Amino acid sequence: MSAQNITKSIAVLTSGGDAPGMNAAVRAVVRTALDKGVEVYAIYEGYQGMVDGGDRIRKMDWDSVGGILQRGGTVIGSARCAAFRTREGRLRAAHNLIKLGIDNLVVIGGDGSLTGANLFRQEWPDLLAELVNKKSISKKTAELHADLRIVGLVGSIDNDMFGTDMTIGADTALHRITEAIDAISSTAASHQRTFVVEVMGRNCGYLALMSCIATGADWVLIPESPPNVDDWESKMCEVLKAGRTAGRRDSIVIVAEGAADRHGNPISCDYVKKVLEERLGEDTRVTILGHVQRGGSPSAYDRYMSTLLGEDAVETLLDAKADDEPQLIGMRQNRVTRTPLMDCVQKTHSIADLIAAKEFDQAMDMRGSSFKEMFRTLRTLVRALPHPPTPGQRRLRLGVLNCSALSPGMNTATRAAVRIGVDKGHIILGVRNGFQGLVDGDIEEMGWMDVAGWATRGGSELGTNRHMPQGSDFYAIARHIEEHQIEGLLMIGGWVGYQAAYQLFLQRRNFPAFNIPIICLPASINNNLPGSDFSVGADTALNNIVEAVDKIKQSAVASRRCFVVEVMGRYCGYLALMSGLATGAERVYLHEEGITLNALKNDVDYLVKGFQEGKRLGVMIRCENANKFYTTDFIRALFDEEGGDLFDVRQAILGHLQQGGDPSPFDRIQATRLAVKCIDFLVDQADFPDPGASFIGLQGGQVKLHDLQDLPRMVDAEFQRPKKQWWLDLRAIANIMAQPGPKPRL
Ligand code: ADP
């Protein structure tokens, strides 16, 4: 082994509680390392495998991490290891690593595992000195591996770590929880029962809070913010009782595992059940979700986020100098970031300490502003009835409509807008069928309970269509705005909705009725809207695609087959690229890149060579409008013909299943967050003589507003997509993961 090779060996392990998405991270570490010409090992069974050595530390090649992306848990195993807590155990671990020339470690685990890794790194020189003394290794070997470099990725479903907005597994856990609570709601509603549901989170209320928002549940108890009154039981019962009186058929209380009252006394589900039965006489059932939350196939987000983190872990190790502080690779503001590892561990511990010391405000501050904001929003959404309007307060009349193609989450956004608007004392008018409803005057006031149950429901209860107003439509719209005295307009929708809102803004000179605040909330599965990293519905569509491709791949296990899968997106390749990353597709065809005959020829050569060498399955994903001439069917026919007897080729056009289904937790949360801000905007602007017209979005995790007049400047009108698309930067990583060997130039 040459000195150069020796210093470049990397090992990856998963430790502590398993989390869905760990496999994606391991796969990315292995493939990135191989792409950089670095030897890479997987350590099986966490630190136990490191202490045991032997065949627990295995060299990996490209195919050793094939077919694992969609699997839950961790295929390389995880364990709690008492031996690694002792110096003796760590000495054996160091020896096992050194024997293979490994002095770079990617540790994927919780704060315990990362603390252990840091200690190991600090001790490393001493451990090597001891091994030299014992003549277990030579002095030269010790010198060659004088330093251990480590990076940490956080695998934890609780989302309880400082230094990353999301931990590996948290999004999948939210999927499991929302699926379970949605299912419980329907049975609860049938019998008018109350359910108390316990979700994981010992020191962190993330899962409880976000699942309460996502499922439209009625009460939540989290560790960071215990009920602020001693007699919280009465308050909870009052709200649930008012809900029943207002016509709610189900009542759901979500309790985080670590929930406690202000004095630190734990609040158990059984206690909540007892209170509800005794005080309300309700038939109450307890469901502890337990390990179901950890299980199952990772969500699209957990697959691609973990892939990005794994890639950056290797880059970080290869960039690191010996005395650099170890880094935690996380996701902040929708970008991969590196933060000093032990800083993150310490801050994570200090949140737990603050909770233990009953410093709840500070604990909430450390969770960050969006967590606090969502908790505030939740308190309004769970009310059974709105606060009565303040006497003398101006009551605005605000219109809300859904427009463009259907996008899951439209109902969630509408519900939040109605409830927040009404709670603030305003009148919300629902417009049916998009702008057509404004043309036709199909407008009705919406009450608090009219939107009950909408948080979780796919489709659009208000109705949506692609009608783009023109000519005399504007007169009709102006008349109906005046007749209904609409003083602000919220458009929840996609490309056509943005264009229509822009037209209203342009026509303000001709129609004074349009001189009202207007705001657009991005809702399109295509994610082709400016000013937002994600539009509501895109995450649901991505998960729908990923589930479908998983099934398609499974269907092919018995035959040698290549699939060409066509996904939606029009001219925007977001769904194609991200589903490629999340399903392990070998090739993605995007309109942004175009398709050339030369590229197709390379793909044919790649497939032929692959199937000749024993490959059994190929998946290529094509955005629907990637190229006018090289259609999905053309590519299928080309591959099929060239594949001859070696493999056969099928096309799968996924179609409308992508738009269907109930919204994903992320889409529900995002829809709620944005709708609240939209109502704030309309209310703030209503009194200005020259009110604003804007579109809203999430950029880098923050809510941002843009002037509608900037819309043309920010988009490529011909291809109906934003001029700047952040996710195009991820193509390089998708290429590394997709195929071994030289990569196409971008
Ligand atoms: P998590 O990583 O999910 O927080 P644990 O706290 O159980 O889970 O840690 C997983 C493993 O990491 C432990 O079983 C042990 O082997 C190792 N570990 C944790 N803390 C330390 C420590 N302070 N020193 C050495 N090893 C540790």
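The structure this text deals with has already been given above.
Residues numbered from 1 in each chain as written. Predicted model: local features only at pLDDT ≥ 70, side-chain atom pairs only at ≥ 80, totals over all residues. Heavy atoms only, no water.

Here we look at the overall build of the protein
Thought 1: Across its full length, the protein carries 25 helices and 24 strands.
Thought 2: For 746 residues, the compact-globule estimate of 2.2 N^0.38 gives 27 Å, and the protein sits close to it at 28 Å.
Thought 3: When its C-alpha atoms are laid out on the principal axes, the protein stretches across 90 × 70 × 45 Å.
Thought 4: Burial statistics for the protein: of 746 residues in total, 60% are counted as buried.
Thought 5: For the protein, long-range pairs separated by at least 24 residues make up 78% of all intrachain contacts whose partners lie at least 6 apart in sequence.
Thought 6: Of the roughly 28,700 Å² of accessible surface on the protein, 47% is carried by carbon and sulfur atoms.
Thought 7: The positive charge centre, built from 83 side chains, and the negative charge centre, built from 91, are 2 Å apart in the protein. (Helix = DSSP H or I, 4+ residues; strand = E, 2+ residues; numbered from the N terminus. Rg over C-alpha atoms; globule rule 2.2 N^0.38 Å. Buried < 20%, exposed > 50% of the residue type's maximum accessible area, 1.4 Å probe, protein only. Contact = heavy atoms within 4.5 Å. Areas by Shrake-Rupley, 256 points an atom, 1.4 Å probe, with all protein chains shown as cover. Lys, Arg positive; Asp, Glu negative; His and termini not counted. Charge placed at Lys NZ, Arg CZ, Asp CG, Glu CD.)

Describing the pattern of salt bridges
Thought 1: Taken as a whole and judged by the stated rule, the model has 39 salt bridges.
Thought 2: Where Arg193 meets Asp283, a salt bridge forms, and the shortest distance between an N and an O atom there is 2.8 Å. Placement of the pair is Arg193 in the loop between α7 (170-191) and β6 (194-199) and Asp283 in the loop between α10 (269-280) and β9 (284-288), with a sequence separation of 90 residues.
Thought 3: Between Arg394 and Glu487 there is a salt bridge, and its shortest N-O distance comes to 2.7 Å. Highlighted residues: Arg394 in the loop between α14 (369-381) and β12 (397-403) and Glu487 in the loop between α17 (473-483) and β15 (488-493), separated in sequence by 93 residues. (Salt bridge = Lys/Arg side-chain N within 4 Å of Asp/Glu carboxyl O.)

Here's the deal with the sheet that holds β9
Thought 1: What the four strands build is an open sheet, ordered β7-β8-β6-β9; its pairing is parallel. What marks the edges here is a single partner per strand, and that holds for β7 (219-221) and β9. Averaged over neighbouring strand pairs, the angle between their axes works out to 15° when direction is ignored.
Thought 2: Looking at chain direction, β6 and β9 are connected through five bridges and run parallel. Considered in β9, the bridge of Glu198 is made with Ile288.
Thought 3: Sitting on the sheet, α7 is in contact with β6, β8 (251-256) and β9, with an inclination near 170° to β6.
Thought 4: In the packing of helix α8 (residues 206-215) onto the sheet, the strands contacted are β6, β7 and β8, and the crossing angle to β8 comes to about 160°. (Pairing = 2+ DSSP bridges. Axes fitted to C-alpha atoms, helices over the stretch in contact; angles between N-to-C directions.)

Digging into the packing of α8 against α14
Thought 1: The N-to-C vectors of α8 and α14 enclose an angle of 45°; their axes lie 10 Å apart at closest approach. One element, α8, and the other, α14, form an angle in the oblique class. Viewed along their axes, α8 and α14 form a crossing whose handedness is left-handed. Facing α8, whose interface residues are Tyr206, Leu209, Met210, Cys212 and Ile213, α14 presents Phe371, Met374, Phe375 and Leu378. (Parallel < 35°, antiparallel > 145°, perpendicular 65-115°, else oblique. Left-handed = near helix turned anticlockwise from the far one by under 90°.)

A look at the site of the ligand
Thought 1: Neighbouring the ligand are 15 residues, the closest being Arg80, Cys81, Gly110, Gly112 and Ser113.
Thought 2: Separating an oxygen atom of the ligand from a side-chain N or O atom of Arg80 is a distance of 2.7 Å.
Thought 3: Within the contact set of the ligand, an oxygen atom lies 3.0 Å away from a backbone nitrogen or oxygen of Gly110.
Thought 4: In isolation the ligand exposes 550 Å². Once the protein is present, 82% of that is buried.
Thought 5: With six residues, helix α5 (residues 111-133) is the single largest residue contributor to the shell around the ligand. (Near = heavy atom within 4 Å. Polar contact = N/O pair within 3.5 Å; in protein donor to acceptor, adjacent residues only side chain to side chain.)

A look at α8
Thought 1: With 10 of 10 residues buried, α8 is to be regarded as a mostly interior element.
Thought 2: For α8, every residue scored as buried is listed here: Tyr206, Leu207, Ala208, Leu209, Met210, Ser211, Cys212, Ile213, Ala214 and Thr215.
Thought 3: Immediately downstream of α8, the backbone of Gly216 shows phi near 65°, a positive value.

Quick notes on the packing of helix α2 (residues 22-35) against helix α11 (residues 300-319)
Thought 1: Where α2 meets α11, the closest approach of the two axes is 7 Å, and the angle between their N-to-C directions is 40°. By the angle between their directions, the pair α2 and α11 is classed as oblique. Along this stretch, α2 crosses α11, giving a crossing that reads as right-handed. Residues Ala24, Ala25, Ala28, Val29, Thr32 and Ala33 of α2 touch α11, and the partners they reach there are Asp302, Arg303, Ser306, Thr307, Gly310, Glu311 and Val314.
Thought 2: Here the contact of α2 with α11 is built from residues that sort into six nonpolar, four polar and three charged. (Nonpolar A, V, L, I, M, F, W, Y, C, P; charged D, E, K, R; others polar.)

Looking at a negative patch on the surface
Thought 1: Among the surface-exposed residues, Asp440, Asp442, Glu444, Glu445 and Asp450 lie close enough to one another that they form a single negatively charged patch.
Thought 2: Residue Glu444 is classed as exposed on the basis of its relative accessible area of 52%. (Patch = residues over 30% accessible without salt bridge, like charges linked within 9 Å, V, L, I, M, F, W, Y side chains within 5 Å.)

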